[in-house]
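Structural overview for review
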Amino acid sequence: MIENTPSVLIIYTGGTIGMIENPETGALENFNFDHLLEHVPELKRFNYRILSYQFNPPIDSSDMEPSFWAKLVKIINYNYEHFDGFVILHGTDTMSYTAAALSFMLENLSKPVILTGSQLPIGTLRTDGKENLITAIEIAAAKNSSGTAMVPEVCIFFENHLMRGNRTCKINAENFNAFRSFNYPPLARAGIHIKYEPGLIRQPDPSKPLKPHYLFDTNVVILTLFPGIQQEIITSVLHVQGLKAVVLKTFGSGNAPQKAWFINLLRDATERGIIIVNITQCSSGIVEMERYETGLQLLQAGVISGYDSTPEAAVTKLMFLLGHGLSNAEIRQRMNSNMAGEITKRIF
Ligand code: ASP
């Protein structure tokens, strides 16, 4: 490695960004990342050491699975000492799930892991992919004045905003501005300059080495409430064989129907050891179960608060904690603590 030359490993998992138009057929095809510089010649101007690794075959992110998250962590762990930062190119559809999962899997992360993608393939004229890729690389290599990584976190960079990955949701299937972090401000904004917000960025303990984790247990479900939801349906969901945890998407600040059958079903499930985490259906804001009678009864039924967690962070965190074989009490306690910046606990 050439001393002081910034170095970035790009990992292409799949998705729209890595496609170009076949000049003969006009069809969109995945391009070979060994030829990255041919397709994005702008990268040469960085004078960085940029290497790439591609999933073979690349996957549409709708096919993303915990086994692929484990593969990403293996690649990062294997190359950790050799690069200043990592850029993961990923389909946008499930990018927020991957970002949240990686934030839990890469304990004591001290280097940037920046996920990005695009709405239009990198080989099309109006692509947002080049801009996203080039800025993501610059962020992945950025150091502060003490020589440590500017953003030692798992982030999503998309359309000028650098966001903590486990705070993001995909909110738009059409616009370039496809992601939001409703409950936590952006860590940086890219305009003429990239303006970082050091006060918002997590700082690792430099004495602790990276600790990679790989295990997940997917016996979980996300259940969204709506007026008129049927008793039989909730009964069958809560009795699915092997079910261990539920992310319950409630109304407003964590409210749910007051019907006795509903509360009894939840109490019965928590008494059988199923962990039920309350998050709001609203895009923004926090669950306050003590605020209304309707939320309080959930608390009394053994439901725990997910605070201001996104659904993506809540479900990946549950799968992660269950995968590590922790006891019910430990999982409940960790769901209520901040592991990787995914929740803000407020005292009301
Ligand atoms: N379906 C694609 C994916 O998520 C969309 C994209 O790349 O943005 O893989």
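Here is a short report on the structure shown in this document. (Residues numbered from 1 in each chain as written. Predicted model: local features only at pLDDT ≥ 70, side-chain atom pairs only at ≥ 80, totals over all residues. Heavy atoms only, no water.)

**So, the overall build of the protein**
- For the protein, the count of helices and strands is nine helices and 18 strands.
- A globule of 348 residues ought to have a C-alpha radius of gyration of about 20 Å, and the protein, at 21 Å, matches this closely.
- Dimensions of the protein along its principal axes, counting C-alpha atoms only, are 65 × 50 × 35 Å.
- Taken over 348 residues, the protein has a buried fraction of 52%.
- Within the protein, counting contacts between residues at least 6 apart in sequence, those at least 24 apart form 73% of the total.
- Computing the positive centroid from 29 side-chain charges and the negative centroid from 33, the protein places the two 6 Å apart. (Helix = DSSP H or I, 4+ residues; strand = E, 2+ residues; numbered from the N terminus. Rg over C-alpha atoms; globule rule 2.2 N^0.38 Å. Buried < 20%, exposed > 50% of the residue type's maximum accessible area, 1.4 Å probe, protein only. Contact = heavy atoms within 4.5 Å. Lys, Arg positive; Asp, Glu negative; His and termini not counted. Charge placed at Lys NZ, Arg CZ, Asp CG, Glu CD.)

**Quick word on the environment of Gly-228**
- The residue Gly-228 is located in the loop between strand S15 (220-224) and helix H5 (231-238) in this model.
- For Gly-228, a relative accessible area of 59% puts it in the exposed group.
- Sequence separation of Gly-228 and Arg-334 is 106 residues, and the distance between their C-alpha atoms is 33 Å.

**Thoughts on the sheet that holds strand S16 (residues 245-250)**
- Ordered in space as S15-S16-S17-S18, the four strands form an open sheet in which the pairing is parallel. On the outer flanks of this sheet lie S15 and strand S18 (304-305), each paired with one strand and no other.
- Relative to strand S17 (residues 275-280), S16 is paired through six bridges, and the arrangement is parallel. What sits directly across from Val-247, in S17, is Val-277. (Pairing = 2+ DSSP bridges.)

**Considering the packing of helix H6 (residues 260-271) against helix H7 (residues 293-300)**
- Here H6 crosses H7 at 30 degrees, and the two axes come no closer than 9 Å. Looking at the two axes, H6 sits roughly parallel to H7. On H7, the residues that touch Phe-262, Ile-263, Leu-266 and Arg-267 of H6 are Gln-297, Leu-298 and Gln-300.
- When grouped by side-chain class, the residues that make up the contact of H6 with H7 number four nonpolar, two polar and one charged. (Axes fitted to C-alpha atoms, helices over the stretch in contact; angles between N-to-C directions. Parallel < 35°, antiparallel > 145°, perpendicular 65-115°, else oblique. Nonpolar A, V, L, I, M, F, W, Y, C, P; charged D, E, K, R; others polar.)

**So, the site of the ligand**
- Within the structure, the ligand sits among Gly-15, Thr-16, Asp-60, Ser-61, Gly-91, Thr-92, Asp-93 and Ser-118.
- Between an oxygen atom of the ligand and a side-chain N or O atom of Ser-61, the distance comes to 2.5 Å.
- Thr-92 places a polar side-chain atom, nitrogen or oxygen, 2.4 Å from an oxygen atom of the ligand.
- Contact with the protein chains hides 87% of the accessible area of the ligand, taken as 270 Å² for the molecule alone.
- Class assignment for the residues of the shell around the ligand results in no nonpolar, six polar and two charged. (Near = heavy atom within 4 Å. Polar contact = N/O pair within 3.5 Å; in protein donor to acceptor, adjacent residues only side chain to side chain. Areas by Shrake-Rupley, 256 points an atom, 1.4 Å probe, with all protein chains shown as cover.)

**Observations concerning the pairing of strand S9 (residues 161-164)**
- The sheet contact formed by strand S8 (residues 154-158) and S9 spans four bridges and is antiparallel. Paired with Cys-155 across the two strands is Arg-164, which belongs to S9.
- Counting the residues between successive antiparallel strands, the hairpin from S8 to S9 contains two residues, one of them, Glu-159, with a positive phi of roughly 45 degrees.
- In this structure, S9 lies alongside strand S12 (residues 188-190), joined through two bridges in antiparallel fashion. Note that in S12 the partner of His-161 across the bridge is Arg-189.

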